[in-house]
Amino acid sequence: MRMLHTSDWHVGRTFHGADLLTEQAAALDHLAGLVREEAVDVVLVAGDIYDRAVPSAEAVRVATTGMRRIREAGAELVLTSGNHDSAARLGAFAEFAAAGGLHLRTTVAGIAEPIVFGGGGKPGAPVVVYGIPYLEPETARHALGIDDRGHTAVLTEAMRRVRDDLATRPEGTRSIVLAHAFVTGAAACDSERTIAVGGVEQVPASVFDGVDYVALGHLHGPQVLDEHIRYSGSPLAYSFSEMAQRKSVFLFDVDEGGIGEVRRRELPVPRPLATMRGELDELLAAPEYAQHVDSFVSATLTDRVRPVDAMRRLRERFPYAVHLDWEPDGAETTALRYAEAVRGRSDTEIARGFLEDCRNAPPNDREEALLVAALEAAGKHDPGQDGEQR
């Protein structure tokens, strides 16, 4: 049997406010094409199918269309719920979906009930796939009937149940586990939602001993913790911290010899990411930035005075600019307590000072007039405090 390991689709997520449904649909279409090209039998999706517990109708449409195309390409699917998903919603109609080749594992009760596929192992022995949904420690420990707290405790109990069931299977049975967790030694990035409880969110890799392959989800960068313990990562980048990552999936065969060579297949980038730094006029004119006109752009402006309407101007050249910082060259930042900032100053001076701090330049004539008018309307303007009326 040939299997494909993916995770963290996060369908419905935005990128700094930019809609990603088109890019997510393209990524799922590519997975379907890869299933057909590689003759994949089973696609393993280790949680976070959606980005939120109650996804939009459009997000559901994109996800279900993607799953249908993967199924039409010839593969069955095994899905578990992640910390972003609603396990109850995702697992609705699981028994009916299984008849069509979509196997959902979203409950504690289903942890030791594997999906059984023929082939692999010794003649007649099956391949079994266990799905461990994301286990919120405090809720899961009650459902699992244990007193110990924390991620390690609940996953240890979940894997005990998996190994107990595996021990009842025919000799030579090959075993796969899907889990959504933060395993010690793995590297996180900025786009994952923390699952820390009491400051501890990581679990040791030894928790997953005793099975042939562990398909992990939750962390968005592809990484290998051990030959049989891997994160596939997300199919798309969801933060600029992922800019250097090569998004991918893992492919592997299961046969009488166990797990064969695990191959990494890189995924296409529907829209690349780019960061740039400099004065606004430079970014708008420099020819070396022309290659980024179709990229999601994060820009850091170094102008001494904060440019007015900077994002609108930036988008005239980079229509997919989504993030903007201002770090003026040579500026010194000093911490100032509120009491010190306002002591002995009139409301007019405080307001002027606020504007100057925000832009690194005093208000221009138009801004000064608006400021005075606003303070006068509020009865706060005192022209005699600093000796002039502007």
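Shown above is the structure to which this text applies.
It should be emphasised that the depicted structure is a prediction, and the values quoted were computed from it without experimental measurement.

**Some thoughts on unusual backbone geometry**
Of note in this structure, His10 is not a glycine but carries a positive phi near 55°. Of note, His10 is situated in the loop between β1 (2-6) and β2 (14-15). His10 sits in the buried class, given a relative accessible area of 0%.

**Some remarks on the sheet that holds strand β14 (residues 229-231)**
In a beta sheet, neighbouring strands are held together by backbone hydrogen bonds and run either parallel or antiparallel to one another. Strand order in this open sheet of six strands is β7-β8-β9-β12-β14-β13, and the pairing throughout is mixed. Only two strands of the sheet have a single neighbouring strand rather than two, namely β7 (115-117) and β13 (223-226). Geometrically, the sheet is characterised by an average inter-axis angle of 20° between neighbouring strands, direction not taken into account. As judged from the three bridges shared by strand β12 (residues 213-217) and β14, these two strands associate in the parallel manner. Paired with Leu216 across the strands is Tyr231, a residue of β14. The strands that helix α6 (residues 151-166) touches are β8 (127-132) and β9 (174-180); relative to β8, the one it contacts most, it runs at about 160°.

**Some points on the packing of helix α1 (residues 21-38) against helix α2 (residues 57-72)**
Where α1 contacts α2, the two axes come as close as 8 Å, and the packing angle between them is 10°. Here α1 lies roughly parallel to α2, going by the angle between them. Each of Leu21, Gln24, Ala25, Leu28, Asp29, Leu31, Ala32, Val35 and Arg36 in α1 lies in contact with α2, whose residues at this interface are Glu58, Ala59, Val62, Ala63, Gly66, Arg69, Ile70 and Glu72.

**What to know about the nonpolar core**
Of all hydrophobic cores here, the largest spans 31 residues; its most connected members are Ile132, Leu135 and Phe208. Element by element, the count of residues in this core is highest for α6, at seven residues. Counting residues in each nonpolar core, the second largest holds 29 residues, with Leu31, Ile49, Ala63 and Ala75 among its members.

**Some remarks on empty space enclosed by the protein**
If you walk through the whole model with that rule in mind, you get one cavity of 30 Å³ or more. In this structure, the largest cavity encloses a volume near 50 Å³. Taken together, ten residues line the largest cavity, and the ones lying closest to its centre are Tyr134, Leu135, Leu155, His180 and Ala181. In terms of residue count, α6 provides more of the lining of the largest cavity than any other element does, three residues in total. Looking at side-chain class alone, the lining of the largest cavity contains eight nonpolar, two polar and no charged residues.

**A few points about the sheet that holds strand β19 (residues 296-301)**
Spatially, three strands are ordered β18-β19-β20 in an open sheet, and the strand pairing comes out parallel. Both edges of this open sheet fall to β18 (273-278) and β20 (321-326), since each of them pairs with a single strand only. Adjacent strand axes in the sheet meet at a mean angle of 15°, parallel and antiparallel pairs treated alike. Pairing geometry for β19 and β20, over five bridges, is parallel. Its bridge partner lying in β20, Ser298 is registered against His323. Against the sheet, helix α8 (residues 310-317) engages β19 and β20, with an angle of about 135° to β20.

**Section: the packing of helix α5 (residues 137-144) against α6**
One way to put it is that α5 packs onto α6 with a least axis distance of 9 Å and a crossing angle of 35°. Once α5 is placed against α6, the crossing between them reads as left-handed. Together, Pro137, Ala140, Arg141, Ala143 and Leu144 of α5 and His151, Val154, Glu157 and Arg161 of α6 make up the contact between the two elements. For the contact of α5 with α6, the class distribution of residues is five nonpolar, one polar and three charged.

**Overview of α6**
The end-to-end C-alpha separation of α6 is 22 Å, in line with the 22 Å expected for 16 residues at 1.5 Å each. Looking only at α6, the buried set comprises His151, Ala153, Val154, Leu155, Glu157, Ala158, Met159, Val162, Asp165 and Leu166. Contacts from the buried residues of α6 go to β8, α5, β9 and β11 (202-203).

**Things to note about the pattern of salt bridges**
Applying the stated criterion to the full structure yields 23 salt bridges. With a shortest N-O distance of 3.3 Å, Arg246 and Glu266 are connected by a salt bridge. Of this pair, Arg246 sits in the loop between β14 and β15 (248-255) while Glu266 sits in strand β17 (residues 263-266), placing them 20 residues apart in sequence. One salt-bridge network, held together by shared partners, links Arg2, Glu37, Glu38, Asp253, Arg263 and Arg265.

Cut-offs and rules
Residues numbered from 1 in each chain as written. Predicted model: local features only at pLDDT ≥ 70, side-chain atom pairs only at ≥ 80, totals over all residues. Heavy atoms only, no water. Helix = DSSP H or I, 4+ residues; strand = E, 2+ residues; numbered from the N terminus. Buried < 20%, exposed > 50% of the residue type's maximum accessible area, 1.4 Å probe, protein only. Pairing = 2+ DSSP bridges. Axes fitted to C-alpha atoms, helices over the stretch in contact; angles between N-to-C directions. Contact = heavy atoms within 4.5 Å. Parallel < 35°, antiparallel > 145°, perpendicular 65-115°, else oblique. Core = buried A, V, L, I, M, F, W, Y, C linked by side-chain atoms within 4.5 Å. 1 Å grid on protein atoms, 1.4 Å probe; cavity = no way out; pocket = protein on both sides within 12 Å on 5 of 7 lines; lining within 4 Å. Points joined across faces, edges and corners; volume = space filled by probe spheres on them. Nonpolar A, V, L, I, M, F, W, Y, C, P; charged D, E, K, R; others polar. Left-handed = near helix turned anticlockwise from the far one by under 90°. Expected span 1.5 Å × (residues − 1). Salt bridge = Lys/Arg side-chain N within 4 Å of Asp/Glu carboxyl O.

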